[in-house]
Amino acid sequence: MTWIGALSQLIQLAVAVLLAPLLLGWVNQCRAWLQNKRAPSLAQPYRMIRKLFLKEPVIAHNASPIFRLTPYIVFGAMALAAAIVPSLATDLPFATAADAIALVGIFALARIFIALAAMDIGTAFGSLGARREMLIGFLAEPALLMVFFTASLISQSTSLVTIVETLAHREFVIYPSLAFAGIAFTMVSLAENARVPVDNPATHLELTMIHEAMILEYSGRHLALIEWASSLKLFNYSCLGLALFFPWGIVEGAHDVVGLLWAIPVLVGKLALGGFLLALIETMSAKLRIFRAPEFLGTAFLLGVLGMLVHQLLGA
Amino acid sequence: MDLLGLGLEASVLTGACHLRRCRVDAEDLVTVALGVREEHGRLVALWGSDERDRENCFHLHLAFEDAQGLLVLDLPLAEEMPSYPDLSEIFPAATRMQRAAYDLFGFWAIGPDQRFWVRHAAWPDTEFPLRRDFDGSRQWPAEPEEYPFVRVAGEGVHEIPVGPVHAGIIEPGHFRFQVVGEKVLRLEQRLGYVHKGIEKRFEELPAHSAHRLAGRISGDTTVAWAWAWAMAYEQAAEIQPPVRALWLRGVLLELERVANHLGDLGYLGNDGGFAFGLAQFSRLKEVVLRANQAAFGHRLLMDRIIPGGVSTDLTPAARATLREFLPGLAAELGELRTIFDDHAGLQDRFMSTGRVTPELAASLGLSGLAGRASGQARDLRVDYPATPYDRVEVRRCGGVAGDVAARVALRFDEIFESLRLLHRFLGELPEGEWRTEAPPPPAGAHGFGWVEAWRGPVFLALEAGPDGGLRRVHAHDPSWENWPVLEHAVMGNIVPDFPLINKSFNLSYSGQDL
């Protein structure tokens, strides 16, 4: 571990944790513009998190320690994931500790705890949301793994760092296998981040919620952490997508600090474009009936498998 | 005239609201009800009145719609233990009205469902607020109440209670779902949370200013309620409003219909997760509300219709502006309709969701907009056109699919038809007076109002009291008969589709809780 490596790790983590709400603010802003509405400020998610931190949390009498611990576990898991995904540099001390499969595990850990916490209080909506979340999760995870396997087969490794380094050096040609995997990844990301068409982050209708139904009982700093973790999750998925499919601009090996500082604006530019595309997808789609979600995620899985087969059989 | 060959003598009330009225006994009531059912008629309203000071008895009143139009029956009930035969077997819509009649009057329908309906333990169960000896100013401490919901038992069946306080800004109502997984086995509603005592309040108001209260029975239907009030008042007072006023009332009612349908279409898109629809329709609705403000001085057109005419005339300039703005609205609406129709995701949510078949709609007495989407082709503007509707040949809109998609399509059709009507009304608006003197009706005079509001027909009955007061007023919103149909529409659907189905009916809480 070099000092630059440690520095890269620190900067990357700080950038992720600090910029994640900004990405959410940007997506919300684009959504509003696309609907011909006046947009809220970019800083709105920060204001909300600040407001929630200043408020006193209210906790149900029958809440167990799981309910209190979950916000910290979820936030911790998302911060850890932010440290693992190579978004600025590949010389990351943390990245060697966990590969792509472990990353899926970290996301699953957060999901399990948030679902447990939702059921902990015993309200109808919490259990409803937890049940739906597990349905989505159990369909999304295999599809996500398939995407990782395709990338791993190309680079002969499940380490994210190796994958990024390999993919960044290929000639600028379209790999059909990666194209399939890319579409599958986009679909999984929409589902995992509770976005339209699978879930609707803006709804106030309790009966239709998935993610929001699970966190209805949270307030104050707990809710702030969960909201922050949600934006971090979106940030992580976006960075993961960029690292796998558009890795150019990520600093490789033990580079100098200047390269690292250059990587930040490149990342911001790529995220801005990605965020706009997300808002565009959300504006153009209606929400799926919940029992269409298996079809949606089944398609993602199928595309993931197709990507892998194309690579194995055609070597493309 | 003879009624159904029973030898019952019916008197005829003329005016804008033409009806037959007849006094019956309990046996004849059932016979007449069965006869109305036979003719595919429906129960319009059921209410009571306290006549102990005049006749030493109570009266139960029922309004039916049969092949000839409106028929009102009066059934005297004994002072002690007032009871009458249960009509819910003949007209399922009667169930809740009968329960409310118990809560408010202590009239006992000899039938299966004896639970309270509008009483939420806010007054003792020995007190009946609409009896004349009840003091409305008295207060009681709130008591805890047990309401026996119907439960479904079985493996994997569980309950989801929703409301009365909701996450969005809507009126209060409680929905108890019995579900297995995501599938709804049964939905039961509990309403009455916004019971404000409107009917009791009428009795304390002077008749000449009570139109303001009538316009607030359900705020989104204020024009229709004000018109129904004016119609009833004018019938009781035997006043003929000027023709120009009637045409202006038509303009007001259609503007209200357009604004509400636009708002609903936006929310239907939004509940399908299509926020673009909400943004666009909200904008269009706002355009209409601002046009209302500019032309009539009130965004929601409250208190524009008053007994004797209208409270504001339409200036030639405002009339020209309104006329100019209609074609643009129609063009934009056409574009949005194409977007809705071509959007696969949205149509997938709308189609076959919350279906009410025409047979079910007929047997439950589904009325108004939701009824027309399920093959119940009733529209007061077509069936019993009062001025100005008798001059413009209103086209009947409707469908038979009975799903959310049908109710969405019907809203589009009705807006286009309303825009056409507005064009005619504004183009052919007669000149002249728009308001006439409206002295209070004489004591004991009866009046009725029946108007096709955007949600369905609203019905109002009033009896004037002495000294320019009101003795009894009853207001019936179509939500009364349509809420129970929603319970059926949801059955077999999945839980997350409920908000969409609910919005496609968009029923009033305030209008039925009163």
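Here, residues in each chain are numbered from 1, in the same order as that chain's written sequence. To read the labels, note that chains go from A and ligands from 1, taken in the order they are written. Where local features are concerned, this predicted model is filtered to residues with pLDDT of at least 70; where side-chain atom pairs are given and counted, the filter is 80 or more; whole-chain, interface and lining totals use all residues.

## Topic: the overall build of chain A
Moving on, step 1. Looking only at helices and strands, one finds eleven helices and zero strands in chain A.
Moving on, step 2. Put simply, chain A runs from its N terminus to its C terminus through helices and strands in the order α-α-α-α-α-α-α-α-α-α-α.
Moving on, step 3. Computation of the radius of gyration draws on C-alpha atoms alone. For the globule rule, the value is 2.2 Å times the number of residues to the power 0.38. Whereas a compact globule of 316 residues would reach a radius of gyration of roughly 20 Å, chain A reaches 19 Å, a difference of no more than 12%.
Moving on, step 4. Along the first, second and third principal axes, the C-alpha set of chain A runs to 55 × 45 × 40 Å. Only DSSP runs of H or I covering at least 4 residues are called helices, and only runs of E covering at least 2 are called strands; the numbering of each starts at the N terminus.

## Some words on the interface of chain A and chain B
Moving on, step 1. Contacts between the two partners involve 22 residues from chain A and, on the opposite side, 24 residues from chain B.
Moving on, step 2. Among the residues forming the side of chain A that touches chain B, the class breakdown is eleven nonpolar, seven polar and four charged. What counts as a contact here is a pair of residues whose C-beta atoms, placed from the backbone, lie within 7 Å. Asp, Glu, Lys and Arg are counted as charged, while Ala, Val, Leu, Ile, Met, Phe, Trp, Tyr, Cys and Pro are counted as nonpolar; the rest, among them Gly, fall into the polar class.

## Some thoughts on the environment of Ile290 of chain A
Moving on, step 1. Of note, Ile290 of chain A is situated in the loop between helix H10 (257–284) and helix H11 (293–314).
Moving on, step 2. Burial in this document is a count-based property: other C-beta atoms within 10 Å of a residue's C-beta are tallied, and the residue is buried at 20 or more, exposed at 12 or fewer, or partly exposed in between, with C-beta positions derived from the backbone. Accessibility expressed as a C-beta count within 10 Å gives 19 for Ile290 of chain A, which makes it partly exposed.
Moving on, step 3. Note: C-alpha distance between Ile290 of chain A and Leu267 of chain A (23 residues apart in sequence) is 34 Å.
Moving on, step 4. Not counting residues up to four positions away in its chain, the partners in contact with Ile290 of chain A are Arg132 of chain A together with Glu182, Ile494 and Pro496 of chain B.

## Brief notes about the sheet that holds strand E16 (residues 457–464) of chain B
Residue and element names in this part refer to chain B.
Moving on, step 1. Criterion used throughout: strands pair if DSSP finds at least two bridges between them. Pairing in this open sheet of three strands is antiparallel, and the strands run E15-E16-E17 from one edge to the other. Across the chains shown, the open sheet's two edge strands, defined by having one partner strand only, are strand E15 (446–452) and strand E17 (470–476). Strand-to-strand twist of the sheet, defined as the mean angle between neighbouring strand axes without regard to direction, takes the value 10°.
Moving on, step 2. Here E16 runs beside E17; their pairing, made up of six bridges, is antiparallel. Pairing of Ala461 across the sheet is with His474, part of E17.
Moving on, step 3. Here an axis means a line fitted to C-alpha atoms, over the contact stretch when the element is a helix, while the angle between two N-to-C directions is reported on a 0 to 180 degree scale. Sheet strands touched by helix H6 (residues 222–237): E15 and E16. Its angle to E15, the strand with the most contacts, is close to 150°.

## A closer look at the domain arrangement of chain B
Residue and element names in this part refer to chain B.
Moving on, step 1. One can read the domain layout of chain B as domain 1 (2–110), domain 2 (157–190) and domain 3 (202–513).
Moving on, step 2. Each domain's extent was defined by an automatic or database domain assignment. For domain 2 and domain 3, the distance between their C-alpha centres works out to 27 Å.
Moving on, step 3. Each partner contributes residues to the interface: domain 2 has 13 residues there, and domain 3 has ten residues.
Moving on, step 4. For the side of domain 2 that touches domain 3, the secondary-structure elements that each account for two or more residues are strand E11 (174–180) and strand E12 (183–190).
Moving on, step 5. The dominant element in the side of domain 2 that touches domain 3, judged by the number of residues it contributes, is E12, at six residues.
Moving on, step 6. Residue composition of the side of domain 2 that touches domain 3, by class: six nonpolar, two polar and five charged.

## A look at the packing of helix H1 (residues 3–34) of chain A against helix H2 (residues 44–54) of chain A
Residue and element names in this part refer to chain A.
Moving on, step 1. For the pair H1 and H2, interaxial distance at closest approach is 7 Å and the crossing angle is 125°. Considered as vectors, H1 and H2 are oriented oblique to each other. Note on element contacts: H2 touches H1 through Gln44, Pro45, Tyr46 and Ile49, opposite Pro21, Leu24, Gly25 and Asn28.
Moving on, step 2. Here the contact of H1 with H2 is composed, by residue class, of five nonpolar, three polar and no charged. Orientation labels follow simple angle bins: below 35 degrees gives roughly parallel, above 145 gives roughly antiparallel, 65 to 115 gives roughly perpendicular, and whatever is left gives oblique.

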